[in-house]
Amino acid sequence: MTEPLTVLVDPAITPQEKQKELISNTCLEINVRCDFVPQRCERTISWMPPLSASSSVYEDITKEIMAVLNAEEAVQMIQAYIQSKHGEAQHLTLTQWVSSLQASLPGHNITVFIFGLTKYFSNKKLKNKRNFKEAATGQATKRKKKNERLDESISFQQAEEAFVELQLFTGCVVQQTATFEEFVGQLKYFTKSVREKPAKKDRFDSVLSFLDEATSGIYVNKQGQGLSKVWKHQLMQYKNLGSEMAEAVATVYPSPYLLHKACKEKNNKEAEAMIADINVRRNASVISTNRKIGKEQARRIYTFMTSKDPDQVIK
């Protein structure tokens, strides 16, 4: 992608000028643009590919949405969650807020970030210790007056319960950072991932690459030429089963059908012993040596060939 990506940040996330400056500078570091414009849903961040991007790249990039809350807003929503248990919530809970985002942005992948909540719990712990000391000594501790806007009291456990409810009902997991600066660092890495997403999305599409035509030179024509190579590559999907072992099994049983038939004609002990006894020749040279398939590989192969449980895991 020659033209830079654009990060679109809702102004509600950055009420302070220094916050905007921090995000802008971070975007410059990774060669992306940054615009602070109102989004369809408040407190969200989205990404816009360049105009030259294909429709598939546009869809991949614009599908990602980051929803951001500061500690004050998060505490308010967690407090509403606590109140909702008694049927007296006066504010949106975290789950209700994310659900509303999902309803407004169908088909999008929403990631929730909260910054500053760790500091809230740290300050609350410090305040409790201070109150205990004052009660024990009868003397008030001198401290600087601060505008404590987080007057709602929540516990760490209540916050965790709200996060679990969010995950269960929306499928979204909350990610936290201690400070806004740390959040911007996460935004940086997230943006880089979004930019690279179109190029990487097909990486695991062909896990069984031996099934693809012409992959690694394996091609099966209408006459069936190439099937033996596919069979060997299928055998190599077993744990620790290399090309020499696959060659040995395929030499004795040239097709999966023949191996399956041989396994079915004997009981499990006899069949496993039969497979385990197959000779494996190492190195096609004067100093080549022989060894057996072995009991472990024989057990895996026999289990795969005879098991009727589709969920069985072969270890």
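Residues numbered from 1 in each chain as written. Predicted model: local features only at pLDDT ≥ 70, side-chain atom pairs only at ≥ 80, totals over all residues. Heavy atoms only, no water.

## Describing the overall build of the protein chain
For the record, the criterion: Secondary structure elements are taken from DSSP: a helix is a run of H or I of four residues or more, a strand is a run of E of two residues or more, and numbering for both begins at the N terminus. Between buried and exposed lies partly exposed: a residue is buried under 20% and exposed over 50% of the maximum accessible area for its type, with that area taken using a 1.4 Å probe on protein chains only. Contacts are assigned to residue pairs that have any heavy atoms within 4.5 Å of one another. Only the protein chains shown count as cover for residues, and all accessible areas are computed by the Shrake-Rupley method using a 1.4 Å probe.
Along the backbone of the protein chain there are 12 helices and 8 strands. Per-residue burial over the protein chain gives 35% buried out of 315 residues. Counted over contacts in the protein chain with a minimum sequence separation of 6, partners at least 24 positions apart contribute 67%. For the protein chain, the computed accessible surface area is about 20,000 Å², with 50% contributed by carbon and sulfur atoms.

## A word on the pairing of strand β5 (residues 109-115)
Definition in use: Two strands qualify as a pair provided that DSSP identifies no fewer than 2 bridges between them.
Burial runs high along β5: 6 of the 7 residues are buried. When strand β4 (residues 64-70) meets β5, the two strands line up parallel, connected through 7 bridges. Across the sheet, Val68 pairs through a bridge with Phe113, a residue of β5. With 4 bridges connecting them, β5 and strand β6 (residues 174-177) associate as parallel partners. What sits directly across from Phe113, in β6, is Gln175.

## Some details on the sheet that holds β5
Rule in force here: All axes are obtained by fitting lines to C-alpha atoms, using only the stretch in contact for helices, and the reported angles, taken between N-to-C directions, cover 0 to 180 degrees.
In space, the 6 strands of this open sheet follow the order β2-β1-β3-β4-β5-β6, with mixed pairing throughout. This sheet does not close on itself; its edge strands, each paired only once, are β2 (33-36) and β6. Each strand axis lies, on average, 25 degrees off the axis of its neighbour in the sheet, ignoring direction. The sheet contacts of helix α2 (residues 55-62) involve β3 (44-48) and β4, and relative to β3 the element is tilted by about 165 degrees. The strands that helix α4 (residues 94-104) touches are β3, β4, β5 and β6; relative to β4, the one it contacts most, it runs at about 150 degrees.

## A word on the nonpolar core
Under the convention used in this document: Buried Ala, Val, Leu, Ile, Met, Phe, Trp, Tyr and Cys residues form a nonpolar core when they are joined through side-chain atoms within 4.5 Å.
Core analysis: the biggest nonpolar cluster contains 28 residues, and Leu94, Trp97, Leu117 and Phe163 have the highest contact counts within it. Counting residues per element, the ones that place at least two in this core are β4, α3 (71-84), α4, β5, α5 (117-137) and α6 (156-170). Counting residues per element, this core draws most heavily on α3, at 6 residues.

## A short note on unusual backbone geometry
Unlike most non-glycine residues, Asn31 shows phi in positive territory, near 60 degrees. Of the residues examined, Asn31 reaches a relative accessible area of 56% and is grouped as exposed. You will see that Arg43, though not glycine, has its phi angle at about 65 degrees, which is positive. Relative to the helices and strands, Arg43 is located in the loop between β2 and β3.

## Observations regarding the packing of aromatic side chains
Heads up, the rule is: Here a pair means two rings of Phe, Tyr or Trp (six-membered ring of Trp) with centres within 6.5 Å. Their orientation is stacked below 30 degrees between planes, edge-to-face above 60, and tilted elsewhere.
Applying the stated criterion across every chain yields a total of 8 aromatic pairs. Plain terms: the ring middles of Tyr120 and Phe121 are 5.2 Å apart, the flat faces sit at 65 degrees to each other, and that makes the pair edge-to-face. Take Tyr120 and Phe121: they sit in the same class, and that class is buried. Consider the rings of Phe121 and Phe156, whose centres lie 5.7 Å apart with planes at 75 degrees: the pair is edge-to-face.

## A closer look at the confidence of the model for the protein chain
For the record, the criterion: Residue-level confidence of the predictor is what pLDDT reports, using numbers from 0 through 100.
Chain-level pLDDT for the protein chain is 83 on average; 81% of the residues reach the 70-or-more range. Note on residues 145-151: pLDDT is under 50 here. Beyond four places in sequence and across chains, it has 5 contacts.

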